[in-house]
Amino acid sequence: MNAFSDRISTLQPSIIREIFKFLADPTVISFAAGNPAPEAFPVETVAKITADIMRDNPITALQYSISEGYTPLRDWLKQDLGGKGLYNAEDDDVIITSGAQQVMEIMTKLMCNEGETIICEAPTFIGSLNAFRSYNAKLVGIPMDDEGINLDKLEIALMDNPKTAFIYLIPNFQNPTGKTMSLERRKAVLKLAEKYNVLIVEDNPYGDLRFTGIDIPSLKELDKNRLVVYAGSFSKTLAPGLRVGFMCGAQNIVQKAVVCIQTATVHTGILSQMITYKFVTETDYSEHLERLQLIYKDKCKLMLDCLKFSMPMSIEFTEPEGGLFIWGTLPDGDMEYFCKKAIENKVAIVPGNAFLVNEKDSCLSFRLNFSTPTNEQIERGVEILSKVAKGIYR
């Protein structure tokens, strides 16, 4: 009988991936995914770019390449990030990764010895939690309010865990809550990181998908002490199947990250990187982002309008300024029972405890995705959810 390693034996499949099994039934309406809207994909443009690459430069696209990433794309990113105050040529470096997810795996491998602590928001992205768990990190979840992570509890956690590898944060349109950390809270978090000399991993896959409100400087932009490692991605702005993300941080950290890439994937797919580079340089990328923002603004508004009209007033929902998710919170009762009744009635939603450090902790919340379903599915799905909810709540 095969014996799995201690690091892997306790890992469980993502609840979200398990929910996907129900989606084989075409009658199920899914609010459980985190995928970009089908209408957001620039299919014809990507097809033309790919054909051009394979006609004009096929060997570069198909051959081995350097682990740091496709040089033209890295150079474009340095210029783009530099213009946003996220890259300093004297101190920073940039590498291309297989999505932002790989940044989380790399940073855990780099900075966290077995049993050391990673502090994160509670709730937070399940993919990152599983990356942290795969290295036997001690996870400490800190509750959030409407402005972001709780500062008092964060400082207590930092005092109680002197061997903290890093703090993991999603400041913009957080997955799963849709919340955005305020400017004041960002500055205060940075002060705590400086006080306790702890790195921050800033995960920002949704930052370009702001569709209302005012842009807030990122933690990396505010950082003056090289404590922030920034993770970005083209998964939500171009195509997740390309698996093109990037990492920006202090040169010594990024140089070690290159070694991690060499041992794992050698390099991110070069064809995908070349497609990404040609897309951001040969199309009007700003216009493309504006189109995505409009798509998600309309879909988010539609779902919120339907929820406000149909659902019991006792159930609360966040109102995100961007991203892909809405967070619902029940007044009391059994959240898992509510989610179970929803799937029995052909609507898939994600139970909130999937995003907690300990999935057995009590939770009254659930996540809704508005990007993937069609408008008709949003209207019909919320109608079904409301009937489920009204059978339990008033």
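Structure: see above.
Bear in mind the structure is a predicted one, so any value in this text is a computation, not a measurement.

The rules behind these values
- Residues numbered from 1 in each chain as written.
- Predicted model: local features only at pLDDT ≥ 70, side-chain atom pairs only at ≥ 80, totals over all residues.
- Heavy atoms only, no water.
- Axes fitted to C-alpha atoms, helices over the stretch in contact; angles between N-to-C directions.
- Helix = DSSP H or I, 4+ residues; strand = E, 2+ residues; numbered from the N terminus.
- Parallel < 35°, antiparallel > 145°, perpendicular 65-115°, else oblique.
- Left-handed = near helix turned anticlockwise from the far one by under 90°.
- Contact = heavy atoms within 4.5 Å.
- Nonpolar A, V, L, I, M, F, W, Y, C, P; charged D, E, K, R; others polar.
- Pairing = 2+ DSSP bridges.
- Core = buried A, V, L, I, M, F, W, Y, C linked by side-chain atoms within 4.5 Å.
- Buried < 20%, exposed > 50% of the residue type's maximum accessible area, 1.4 Å probe, protein only.
- Polar contact = N/O pair within 3.5 Å; in protein donor to acceptor, adjacent residues only side chain to side chain.
- Phe/Tyr/Trp six-rings, centres within 6.5 Å; stacked < 30°, edge-to-face > 60°.
- Arc of directions from axis to C-beta.
- Right-handed = clockwise from strand over helix to strand, strands pointing away.

S.K.: Report on the packing of helix α13 (residues 285-310) against helix α15 (residues 375-390), specifying residues and quantitative values.
M.R.: The geometry of α13 relative to α15 is characterised by a closest axis approach of 9 Å and an angle of 25° between their N-to-C directions. When the axis of α13 is compared with that of α15, the two are roughly parallel. Considering only the axes of α13 and α15, their crossing is right-handed. Mapping the contact onto sequence places K299, L302, M303, C306, L307 and S310 in α13 and N375, I378, E379, V382, S386 and K390 in α15. Of the residues contributing to the contact of α13 with α15, the split by class is six nonpolar, three polar and three charged.

S.K.: For the sheet that holds strand β13 (residues 350-351), give the residues involved together with the corresponding values.
M.R.: Strand order in the open sheet made by the four strands is β10-β11-β14-β13, with antiparallel pairing throughout. Each edge of the sheet is formed by a strand with only one pairing partner; in this case those strands are β10 (316-317) and β13. Direction of pairing for β13 relative to strand β14 (residues 365-369): antiparallel, over a ladder of two bridges. Bridging across to β14, V350 finds its partner in R367.

S.K.: Tell me about the packing of helix α6 (residues 99-111) against helix α11 (residues 251-264), and please be specific about residues and values.
M.R.: At their nearest, the axes of α6 and α11 sit 10 Å apart, and the two run at 110° to each other. It follows that α6 is roughly perpendicular to α11 by the angle criterion. Where α6 approaches α11, its residues Q102, I106, M107, K109 and L110 are matched on the opposing element by I253, K256, A257, C260, I261, T263 and A264. Grouping the constituent residues of the contact of α6 with α11 by class yields eight nonpolar, two polar and two charged.

S.K.: Outline the nonpolar core, supporting the account with residue identities and numerical values.
M.R.: Grouped burial of nonpolar side chains is what soluble globular proteins tend to show. Counting residues in hydrophobic clusters, the biggest one holds 69 residues, and the most contacted among them are F31, Y296, I349 and L368. If one sorts the elements of this core by residue count, α13 sits on top with 11 residues. Dropping the residues within four chain positions of it, Y296 is found in contact with P36, A37, A40, L209, F211, G323, L324, F370 and S371.

S.K.: Which residues make up the side chain of S371, and what values do they have?
M.R.: For S371, the position within the fold is in the loop between β14 and α15. Classification of S371 as buried rests on a relative accessible area of 0%. At 2.5 Å, the side chain of S371 and the backbone oxygen of N35 are in polar contact. Only 2.8 Å separates the side chain of S371 from the side chain of N369, close enough to count as a polar contact. With near-sequence residues (within four places) excluded, S371 lies in contact with N35, P36, A37, P38, Y296, K299 and L324.

S.K.: Can you explain the packing of aromatic side chains? Please cite residues and give values.
M.R.: According to the stated counting rule, one finds 13 aromatic pairs in the structure shown. For the ring pair F234 and F246, a centre distance of 6.0 Å and an interplane angle of 55° mean the geometry is tilted. You can see F234 sitting in the loop between β8 (228-233) and β9 (245-250) and its partner F246 sitting in strand β9, a full 12 residues away along the chain. On the basis of relative accessibility, which here comes to 7%, the residue F246 falls in the buried class. Seen from their ring centres, W327 and F355 are 6.0 Å apart, and the 75° between their planes marks the pair as edge-to-face. Of this pair, W327 sits in strand β11 (residues 325-329) while F355 sits in the loop between β13 and β14; the two residues are 28 residues apart in sequence, bridging distant segments of the chain. Looking at F355, the relative accessible area reads 0%, which means it is buried.

S.K.: Mind laying out helix α14 (residues 335-344), listing which residues take part and the relevant values?
M.R.: Turning to α14, its buried residues are M335, F338, C339, A342 and I343. Across the axial projection of α14, the buried residues extend over an arc of 135°, all falling on one side. For α14, the secondary structure elements touched by its buried residues are β12 (347-348), β13, β14 and α15. The distance from a side-chain oxygen at the start of α14 to the backbone nitrogen of E336 is 3.0 Å, and the residue carrying that oxygen is D334.

S.K.: So, the pairing of strand β3 (residues 117-122): which residues are in play, and what are the values?
M.R.: Each regular strand displays side chains that alternate between the two surfaces of the sheet. A large share of β3 lies buried, amounting to five of its six residues. Between the parallel elements β3 and strand β4 (residues 138-145), the chain passes through helix α7 (residues 126-133) in a crossover that is right-handed. Here four bridges tie β3 to strand β6 (residues 164-169), and the two strands are oriented parallel to one another. Bridged to T117 within β6 is T164.

S.K.: Let's hear about the sheet that holds β3: which residues, and what values?
M.R.: Read from one edge to the other, the open sheet built from eight strands follows the order β2-β9-β8-β7-β6-β3-β4-β5, with strand pairing classed as mixed. A strand with exactly one partner marks an edge of an open sheet, and here the two such strands are β2 (92-97) and β5 (148-149). Across the face of the sheet, helix α8 (residues 151-160) comes into contact with β3, β4, β5 and β6 while running at roughly 165° to β4.

S.K.: So what's going on with unusual backbone geometry? Residues and values would help.
M.R.: Here the bond from A122 into P123 is cis, since omega is 10°, no more than 30 degrees from zero. Locating P123 in the fold gives a position in the loop between β3 and α7. Of note, the amide linkage connecting N175 to P176 takes the cis form, showing an omega dihedral of 25°. Unlike most non-glycine residues, F173 shows phi in positive territory, near 50°. If you trace the backbone, F173 turns up in the loop between β6 and α9 (183-196). Residue class for F173 comes out buried when judged on its relative accessible area of 1%. The backbone of R226 sits at a positive phi, close to 55°, despite the residue not being glycine. With respect to the helices and strands, R226 occurs in the loop between α10 (219-222) and β8. A relative accessible area of 42% places R226 in the partly exposed class.

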